[in-house]
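Coordinates in review
Given next are the chains, with one letter for each unit.
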Amino acid sequence: DTGVSQDPRHKITKRGQNVTFRCDPISEHNRLYWYRQTLGQGPEFLTYFQNEAQLEKSRLLSDRFSAERPKGSFSTLEIQRTEQGDSAMYLCASSARVVPTNTEAFFGQGTRLTVV
Amino acid sequence: AQSVTQLDSQVPVFEEAPVELRCNYSSSVSVYLFWYVQYPNQGLQLLLKYLSGSTLVKGINGFEAEFNKSQTSFHLRKPSVHISDTAEYFCAVSEGETSGSRLTFGEGTQLTVNP
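Reading guide: rules and limits
- Residues numbered from 1 in each chain as written.
- Chains lettered and ligands numbered in written order.
- Predicted model: local features only at pLDDT ≥ 70, side-chain atom pairs only at ≥ 80, totals over all residues.
- Heavy atoms only, no water.
- Helix = DSSP H or I, 4+ residues; strand = E, 2+ residues; numbered from the N terminus.
- Rg over C-alpha atoms; globule rule 2.2 N^0.38 Å.
- Contact = heavy atoms within 4.5 Å.
- Salt bridge = Lys/Arg side-chain N within 4 Å of Asp/Glu carboxyl O.
- Polar contact = N/O pair within 3.5 Å; in protein donor to acceptor, adjacent residues only side chain to side chain.
- Nonpolar A, V, L, I, M, F, W, Y, C, P; charged D, E, K, R; others polar.
- 1 Å grid on protein atoms, 1.4 Å probe; cavity = no way out; pocket = protein on both sides within 12 Å on 5 of 7 lines; lining within 4 Å.
- Points joined across faces, edges and corners; volume = space filled by probe spheres on them.
- Core = buried A, V, L, I, M, F, W, Y, C linked by side-chain atoms within 4.5 Å.
- Buried < 20%, exposed > 50% of the residue type's maximum accessible area, 1.4 Å probe, protein only.
- pLDDT = per-residue confidence, 0-100.

In this section: the overall build of chain B. Broken down by element type, chain B carries 0 helices and 12 strands. From first element to last, N terminus to C terminus, chain B shows the α and β order β-β-β-β-β-β-β-β-β-β-β-β. In terms of overall size, chain B behaves like a compact globule, its C-alpha atoms giving a radius of gyration of 14 Å where 115 residues would be expected to give roughly 13 Å. Dimensions of chain B along its principal axes, counting C-alpha atoms only, are 45 × 30 × 20 Å.

Our next topic: the interface of chain A and chain B. Quite often, the size of an interface is put as the accessible area lost when its parts meet. The interface of chain A with chain B comprises 25 residues on the first partner and 22 residues on the second. The interface formed by chain A and chain B includes 1 salt bridge. A:Glu56 is the partner of B:Arg102 in a salt bridge, and the nearest nitrogen-oxygen pair spans 2.9 Å. For the pair chain A and chain B, the interface holds 5 residue pairs in polar contact (both at pLDDT 80 or more). Among the elements of the structure, β4 (31-37), β5 (44-50) and β9 (88-95) of chain A are those that each provide at least two residues to the side of chain A that touches chain B. For the side of chain A that touches chain B, the element with the most residues is β4(A), which contributes 4 residues. For the side of chain A that touches chain B, the per-class residue count stands at 10 nonpolar, 9 polar and 6 charged.

This part takes up the layout of surface pockets. Quantified by volume, the largest pocket comes out at close to 520 Å³. Elements with a minimum of two residues in the lining of the largest pocket: β5 of chain A together with β11 (104-105) of chain B. When grouped by side-chain class, the residues that make up the lining of the largest pocket number 7 nonpolar, 7 polar and 6 charged. Space inside the second largest pocket adds up to approximately 300 Å³. What lines the second largest pocket is a set of 17 residues, among which A:Gln37, B:Gln38, B:Pro40, B:Asn41 and B:Glu88 lie closest to the centre. A total of 3 residues in the lining of the second largest pocket trace back to one element, the largest contributor, which is strand β10 (residues 87-94) of chain B. In terms of residue class, the lining of the second largest pocket is built from 6 nonpolar, 9 polar and 2 charged.

Another point: the nonpolar core. If you look at soluble globular proteins, the nonpolar side chains tend to sit buried side by side. The biggest cluster of nonpolar side chains holds 27 residues, and the ones touching the most others in it are B:Leu33, B:Trp35, B:Leu47, B:Leu48, B:Phe74, B:Leu76 and B:Tyr89. Broken down by element, this core gets its largest block of residues, 4 residues, from β10(B). Those residues in contact with B:Tyr89, other than ones at most four positions away along the chain, are B:Gln6, B:Leu21, B:Trp35, B:Tyr36, B:Val37, B:Leu47, B:Phe63, B:Leu76, B:Gly108, B:Thr109 and B:Leu111. In terms of nonpolar packing, the next biggest core, distinct from the first, is built from 19 residues, A:Leu32, A:Leu46, A:Leu61 and A:Val115 among them.

Residue and element names in this part refer to chain B. Here Gln110 is to be found in strand β12 (residues 109-114). Relative accessible area serves as the criterion here: at 24%, Gln110 is assigned to the partly exposed category. Excluding anything up to four places from it in sequence, Gln110 contacts Ser9, Gln10, Val11, Thr86, Ala87 and Glu88.

Mean pLDDT over chain B stands at 92; residues scoring 70 or higher make up 98%. Averaged over each element, pLDDT in chain B is lowest for strand β6 (residues 44-50) of chain B (93) and highest for strand β3 (residues 19-21) of chain B (98).

And the structure:
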């Protein structure tokens, strides 16, 4: 397994356009997380899935954002009607849920979105 | 709600000098603590983590961190840094299953190692 894969690595779009990002987690991991990182800041949690169920969404995730994880495998994050404030690095992470201890979240390389 | 404060936004040091990157957290429940490193235009790589047990945690690349519950701190240290350690370092906290194991990150510390 090559780790968490994100596609594309870079995306430049015009304001008002829709964009979709894809994340392929490590194959045996049942948890998948999306984070957003703006320049000079730490990553901020957006949402997470356990298998195909979306269990939590941050209030940062406005109604223009939607995430899916059909069949509990890869995930997509779509942003509709992009705004310049959406420009950021979008990071995906996956982990295996082991009770009772927490485990490491493995991060992808990220998708850098620039809205012009 | 959990939060993380990284006390230094930038830390410049000379090669082979020791370094400490400071991290304080707040939470109303027991937490798990992490340090991640990020190189330019890359994702995050785990350096080390504290889950339970010994408060001194050793990680990759010669880094270590000490969990201090009374001071709610988790400072990262390395006795002798190398040029290749230049990167952004993030401290993160998780409240475990009570919050779906999601991570809350600090704002990061840019470590620059000069020759």
